[in-house]
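# Residue-level structure breakdown
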Amino acid sequence: MSAGEISFREESGQWVVNEVSNQSTGYCLDVSSWPAVAEALDQAGIVRPSGFTHEVVFRRCPSCRQLNIVREEDFVCVFCDEALPWEWNVDRPGR
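None of these values were measured; they are calculated from a predicted model. (Residues numbered from 1 in each chain as written. Predicted model: local features only at pLDDT ≥ 70, side-chain atom pairs only at ≥ 80, totals over all residues. Heavy atoms only, no water.)

### Section: helix α1 (residues 34-44)
This is how the line gets drawn: Exposure categories follow from relative accessible area, calculated using a 1.4 Å probe and restricted to protein chains: below 20% of the type maximum is buried, above 50% is exposed, and the middle band is partly exposed. The way it works is that DSSP assigns letters per residue, a run of H or I at least four long becomes a helix, a run of E at least two long becomes a strand, and they are numbered from the N terminus. Regarding the arc, it is the one traced by the directions from the helix axis to the C-beta atoms. For this analysis, residues touch if any pair of their heavy atoms sits within 4.5 Å.
Listed as buried for α1 are W34, V37, A38 and L41. Buried residues of α1 fall within an arc of 100° about the axis and therefore sit on the same side. The exposed set on the far side of α1, more than 90 degrees from its buried face, consists of P35 and Q43. Contacts made by the buried residues of α1 are with β1 (5-11) and β2 (14-21). Of the residues one or two after α1, G45 is the one with positive phi, at around 75°.

Below is the structure:
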């Protein structure tokens, strides 16, 4: 399953995905959730891209437990400067 943001446009009389991302700060799902999005769009008959048009990488800091958005592959916590894990770990409790 997945969560994020999606926008559509009409093209030649049918709906197509304009942009789609996994950016959902309430759920912070990994980019590996794309297959669930693809399946839902396919079942709805909506033309889609081959993956997220904007991927957001979320990680929880193992030291201070804050949620981070990783930018430019810099896996360092913006709150305490500790290293962030390469693997998705947001499903673990914050505090």
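The rest of the description comes next.
### Thoughts on the pattern of salt bridges
Applicable threshold: Whenever a carboxyl oxygen of Asp or Glu lies within 4 Å of a side-chain nitrogen of Lys or Arg, that contact is scored as a salt bridge.
For the coordinates displayed, the defined rule picks out three salt bridges. Put simply, D30 and R59 hold a salt bridge, and the shortest N to O gap is 4.0 Å. Placement of D30 in the loop between β2 and α1 and of R59 in strand β3 (residues 57-60) is noted, with a sequence separation of 29 residues between them. Judged by its relative accessible area of 5%, R59 falls in the buried class. With a shortest N-O distance of 2.7 Å, D42 and R48 are connected by a salt bridge. According to the relative accessible area criterion, D42 is partly exposed, its value standing at 45%. We classify R48 as partly exposed; its relative accessible area is 29%.

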